[in-house]
Amino acid sequence: MAWSIADVARMSGVTSRTLRHYDAIGLLPPARIGSNGHRYYEQADLLRLQQILLMRELALGLREIREVLDNQVDQVAVLREHRRRLLGERDRLETLARTVGRTIAELTEGKVDNTMVQINRPENLFEGFDPSPAEAEARERWPEQWEQSQRVAETMTADDQDRWQREVTAQMIRLAEFMVAGTPVADPAVQAEMDVHYRSVCRFWTPNACAYKGLGRTYVDDPQFRSNYDRIADGLAAYQCEAMAVYADARLS
């Protein structure tokens, strides 16, 4: 039995554009192409797509995924390894849940003037978060840049990741302070923070104006990213998105 590219997209949630990209890079070629030019996939292809999606959940780059799939011998052994890493991810999420619980307690018990709260250890806000710089928007729309960011991330040591994470934490708190104070996103001080943010992103990939705006929209549209920002201060994701759009128009256009 064979399924069309539309069928596979509907079943898996992967867009047809992404499936065509997977074909173009040799990661997931279809079983055959019909006389009408449509791609058709068989059961083995669906199993391969499942493994691709599992490894993407584990933040592997497309190049690494292809190497794993092309060199694998025992599919059961590979799936066991997936399961082991997924259990590790479960443990990380449990840590993240404890982090959220601790933050709720601090927000509940430590309010100051009903606006901002005093956070004793800002780094605790991010315990359990995946420090990977991968952004879903960039991964889908700019696959080459995404692969570049993955290669850079792989060169980071544990100390590098910890330092980067602390920098991100500190900047989010500074931006939240501007937002709570009612500072317009076009204010030079806010735009200086966006310059810091843009340069941080450029350590991994270099977005143009359109891509940088798209990254900002991801912070708002993606529930996980929005939750990460709004956990610092409600509305922070939207505030940063607007500030990034102003920066893109002024500095990247």
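Keep in mind that what you see is a predicted model, and the values were worked out from it rather than measured.

Basis of the calculations
Residues numbered from 1 in each chain as written. Predicted model: local features only at pLDDT ≥ 70, side-chain atom pairs only at ≥ 80, totals over all residues. Heavy atoms only, no water. Helix = DSSP H or I, 4+ residues; strand = E, 2+ residues; numbered from the N terminus. Expected span 1.5 Å × (residues − 1). Buried < 20%, exposed > 50% of the residue type's maximum accessible area, 1.4 Å probe, protein only. Arc of directions from axis to C-beta. Core = buried A, V, L, I, M, F, W, Y, C linked by side-chain atoms within 4.5 Å. Contact = heavy atoms within 4.5 Å. Phe/Tyr/Trp six-rings, centres within 6.5 Å; stacked < 30°, edge-to-face > 60°. Lys NZ or Arg CZ within 6 Å of the ring centre and 35° of its normal. Polar contact = N/O pair within 3.5 Å; in protein donor to acceptor, adjacent residues only side chain to side chain. Salt bridge = Lys/Arg side-chain N within 4 Å of Asp/Glu carboxyl O. Axes fitted to C-alpha atoms, helices over the stretch in contact; angles between N-to-C directions. Parallel < 35°, antiparallel > 145°, perpendicular 65-115°, else oblique. Left-handed = near helix turned anticlockwise from the far one by under 90°. Nonpolar A, V, L, I, M, F, W, Y, C, P; charged D, E, K, R; others polar.

1. Quick look at helix 3 (residues 43-57)
Then comes step 1: Along its 15 residues, helix 3 runs 21 Å from first to last C-alpha, staying within 8% of the 21 Å computed at 1.5 Å per residue.
Then comes step 2: Restricting attention to buried positions, one finds in helix 3 the residues Asp45, Arg48, Leu49, Gln51, Ile52, Met55 and Arg56. Summarising the axial view, the buried residues of helix 3 lie within an arc of 160°, below the 170-degree limit, and thus occupy one face. More than 90 degrees from the buried face of helix 3, the exposed residues found are Gln43 and Glu57.

2. Focus: the nonpolar core
In globular proteins that are soluble, nonpolar side chains generally tend to be buried together.
Then comes step 1: With 30 residues, the main nonpolar core has Met194, Tyr212, Leu215, Leu236 and Tyr239 as its most contacted residues.
Then comes step 2: When residues of this core are traced back to their parent elements, those giving at least two are helix 8 (158-180), helix 9 (188-201), helix 10 (209-221), helix 11 (223-230) and helix 12 (236-252).
Then comes step 3: What Met194 contacts, discounting residues up to four positions off in sequence, is Leu175, Tyr212, Gln240, Ala243, Met244 and Tyr247.
Then comes step 4: Residues Val8, Val14, Leu19 and Leu27 belong to the second largest nonpolar core, which totals 16 residues.

3. Describing the packing of aromatic side chains
Then comes step 1: A complete count under the given rule lists four aromatic pairs for this structure.
Then comes step 2: Here the aromatic rings of Tyr198 and Tyr212 are separated by 5.1 Å at their centres, their planes lie at 90°, and the arrangement is edge-to-face. With a gap of 14 residues between them, Tyr198 in helix 9 and Tyr212 in helix 10 connect regions that are remote in the sequence. The same class applies to Tyr198 and to Tyr212, which are both buried.
Then comes step 3: With a centroid separation of 5.6 Å and 40° between ring planes, the pair formed by Tyr198 and Tyr247 is classed as tilted. With a gap of 49 residues between them, Tyr198 in helix 9 and Tyr247 in helix 12 connect regions that are remote in the sequence.
Then comes step 4: Positioned above the aromatic ring of Tyr40, the side-chain terminus of Arg32 is 4.6 Å from the ring centre.

4. Some details on the side chain of Gln171
Then comes step 1: Here Gln171 is to be found in helix 8.
Then comes step 2: Residue classification places Gln171 among the buried residues on the basis of a relative accessible area of 10%.
Then comes step 3: A distance of 2.5 Å separates the side chain of Gln171 from the backbone oxygen of Glu193, its partner in a polar contact.
Then comes step 4: Aside from chain neighbours lying at most four places away, what touches Gln171 is Glu193, Val196 and His197.

5. Quick look at the pattern of salt bridges
Then comes step 1: Summed over the entire model, instances satisfying the criterion amount to nine salt bridges.
Then comes step 2: Note that Glu193 is salt-bridged to Arg174, the shortest N-O span being 2.8 Å. Of this pair, Glu193 sits in helix 9 while Arg174 sits in helix 8; the two residues are 19 residues apart in sequence, bridging distant segments of the chain.
Then comes step 3: A residue is classified by how much of its surface remains accessible, and Glu193, at 10% relative accessible area, is buried.
Then comes step 4: With relative accessibility at 33%, the residue Arg174 sits in the partly exposed group.
Then comes step 5: A single network of salt bridges, built from pairs that share partners, joins Arg48, Arg66 and Asp70.

6. Regarding the packing of helix 1 (residues 5-12) against helix 2 (residues 16-24)
Geometry of a packed helix pair, given as the angle between the helix axes and the separation of the axes.
Then comes step 1: One way to put it is that helix 1 packs onto helix 2 with a least axis distance of 9 Å and a crossing angle of 115°. Judged by the angle between their axes, helix 1 and helix 2 are roughly perpendicular. The way helix 1 lies across helix 2 gives a crossing that is right-handed. On helix 2, the residues touching Ile5, Val8 and Ala9 of helix 1 are Ser16, Leu19 and Arg20.
Then comes step 2: Looking at side-chain class alone, the contact of helix 1 with helix 2 contains four nonpolar, one polar and one charged residues.

Keep in mind these numbers describe shape, not what the thing actually does.
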